[in-house]
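# Geometric and topological summary
Residues per chain are reported as follows:
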Amino acid sequence: DGGITQSPKYLFRKEGQNVTLSCEQNLNHDAMYWYRQDPGQGLRLIYYSQIVNDFQKGDIAEGYSVSREKKESFPLTVTSAQKNPTAFYLCASSIGQTDTQYFGPGTRLTVL
Amino acid sequence: QQQVKQSPQSLIVQKGGISIINCAYENTAFDYFPWYQQFPGKGPALLIAIRPDVSEKKEGRFTISFNKSAKQFSLHIMDSQPGDSATYFCAATIINTPLVFGKGTRLSVIA
């Protein structure tokens, strides 16, 4: 089955700890994205990558980091510098930037 | 310039009624306007999309109306069903830039 997988579905961490969220796709898409979703805020872009070994900051990149070492993988690290990390995180991919984006099922991160 | 303003924030519609969600944009360079549907705890999924060379696109009960001069586009859900209850996001983009999303509309269809 082709698609985007995110793991884990739920993640709990203590304040001050870094945490890495996984995103894998087997759609052979070039572009990948990370969004943060908070109630009433819609989808806010954290980082995006158009090709391997290249990525750009989105609207709310502070406190986050990414890597794109493989075409199919785009992990997101939420660092201790992120002031309010509790949120629903969504990964997406597309053939190109202006093509349909396909979303993963999301990871709900709770920082205690 | 890069914002997409979506309204209403929430909407309650009777079963069988028409649900209408509106979006407005400023950047006239936007050339692709998709709508996404999201159920609780799930990722959004593409519902329907339009490009500015047409004024309307229909897929089943879902229709996008596009008004280029007013810089507005809307989603109409005909014969709304309880299964349509979800959050809907409009979005817009220009070539080689990421999608810009509206803040979403929570639709509840009641029997």
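Just above sits the structure.
Below is a short write-up of the structure. Starting afresh in each chain, residues are numbered from 1 along the sequence in its written order. Each chain gets a letter, beginning with A, and each ligand a number, beginning with 1, in the order they are written. With the structure being a predicted model, the display of local features is reserved for residues of pLDDT at least 70 and the display and counting of side-chain atom pairs for 80 or more, all residues being used for whole-chain, interface and lining totals. Where side-chain values are given, they derive from all heavy atoms of the structure, hydrogens and water being excluded.

## A word on the pattern of salt bridges
In a structure, side chains of opposite charge can pair up when their charged atoms sit close to one another. Keep this limit in mind: Put simply, a salt bridge is a Lys or Arg side-chain nitrogen that is within 4 Å of an Asp or Glu carboxyl oxygen. Put simply, DSSP H or I for four residues or longer makes a helix, DSSP E for two residues or longer makes a strand, and each gets a number counted from the N terminus. A 1.4 Å probe rolled over the protein chains alone gives each residue an accessible area, and that area as a share of the maximum for its type sets the label: buried under 20%, exposed over 50%, partly exposed in between.
What the rule picks out here adds up to 6 salt bridges over all chains. Asp 30 of chain A serves as the salt-bridge partner of Lys 71 of chain A, at 3.3 Å between the closest nitrogen and oxygen. Here Lys 71 of chain A is found in the loop between strand S7 (64–66) and strand S8 (76–78), whereas its partner Asp 30 of chain A is found in the loop between strand S3 (19–25) and strand S4 (31–38), with 41 residues between them in sequence. The partly exposed category is assigned to Lys 71 of chain A, whose relative accessible area is 26%. Across the pair Glu 26 of chain B and Lys 71 of chain B runs a salt bridge, and its minimum N-O distance is 3.6 Å. With Glu 26 of chain B in the loop between strand S3 (19–25) and strand S4 (33–38) and Lys 71 of chain B in the loop between strand S7 (62–67) and strand S8 (72–77), the pair connects residues that are 45 residues apart, well separated along the chain.

## What to know about the pairing of S7 of chain B
Residue and element names in this part refer to chain B. Applied cut-off: Criterion used throughout: strands pair if DSSP finds at least two bridges between them.
Relative to S7, strand S6 (residues 56–59) runs antiparallel, the two sharing 4 bridges. Paired with Glu 56 across the bridge in S7 is Ser 65. Once S6 ends, the chain turns through 2 residues before running back antiparallel as S7, passing Gly 60 with a positive phi of about 65°. The pairing of S7 with S8 spans 6 bridges and is antiparallel.

## So, the packing of aromatic side chains
Going by this rule: Aromatic contacts are taken between Phe, Tyr and Trp rings whose centres are within 6.5 Å, Trp giving its six-membered ring; a plane angle under 30 degrees counts as stacked, one over 60 as edge-to-face, and the others as tilted.
Scanning the model with the defined rule gives 18 aromatic pairs over all chains in all. Between Tyr 47 of chain A and Phe 55 of chain A, the ring centres sit 5.9 Å apart and the planes meet at 80°, which makes this aromatic pair edge-to-face. The buried category is assigned to Tyr 47 of chain A, whose relative accessible area is 8%. Among the residues examined, Phe 55 of chain A registers a relative accessible area of 36% and is labelled partly exposed. Put simply, the rings of Tyr 33, Tyr 35 and Phe 103 of chain A together with Tyr 36, Phe 89 and Phe 101 of chain B touch in pairs and so form one group of aromatic residues.

## Digging into the interface of chain B and chain A
Put simply, the rule reads: Any two residues having at least one pair of non-hydrogen atoms within 4.5 Å are treated as being in contact. What counts as buried area is the accessible surface, traced by a 1.4 Å probe, that two parts surrender upon association, with contributions from both included. Distance and chemistry together define a polar contact, namely a pair of N or O atoms within 3.5 Å, with one atom able to donate a hydrogen and the other to accept it when in protein, and with adjacent residues in sequence counting only for side-chain atoms on both sides. Here the term charged refers only to Asp, Glu, Lys and Arg, the term nonpolar to Ala, Val, Leu, Ile, Met, Phe, Trp, Tyr, Cys and Pro, and the term polar to all other amino acids, Gly among them.
Counting residues at the interface gives 21 residues for chain B, matched by 19 residues for chain A. Together, the buried faces of chain B and chain A total about 1,600 Å²; carbon and sulfur atoms form 56% of this surface. Counting every contact that joins chain B to chain A gives 0 salt bridges. The tally of links from chain B across to chain A stands at 3 residue pairs in polar contact (both at pLDDT 80 or more). A per-class count over the side of chain B that touches chain A returns 10 nonpolar, 8 polar and 3 charged.

## Quick look at the nonpolar core
Put simply, the rule reads: Nine residue types can take part in a nonpolar core, namely buried Ala, Val, Leu, Ile, Met, Phe, Trp, Tyr and Cys, and a core is a set of them joined through side-chain atoms within 4.5 Å.
By size, the foremost hydrophobic cluster in this structure holds 26 residues, and its most contacted members are Val 4, Phe 30, Phe 33, Trp 35, Phe 73, Leu 75 and Tyr 88 of chain B. Those elements that provide at least two residues to this core are strand S2 (10–14), S3, S4, strand S5 (45–50), S7, S8, strand S9 (86–92) and strand S11 (105–110) of chain B. No other element matches the 4 residues that S9 of chain B contributes to this core. In this structure, Leu 21, Met 32, Trp 34 and Tyr 64 of chain A belong to the second largest nonpolar core, which totals 19 residues.

## Quick word on unusual backbone geometry
Residue Pro 8 of chain A follows Ser 7 of chain A across a cis peptide bond; omega there is -10°. Here the amide bond leading from Ser 7 of chain B into Pro 8 of chain B is cis, since omega sits at -5°, within 30 degrees of zero. If you trace the backbone, Pro 8 of chain B turns up in the loop between strand S1 (4–7) and S2. At Asn 28 of chain A, a residue that is not glycine, the phi angle is positive and equals roughly 60°. Relative to the assigned elements, Asn 28 of chain A resides in the loop between S3 and S4. Note on Asn 28 of chain A: relative accessible area 57%, which makes it exposed.

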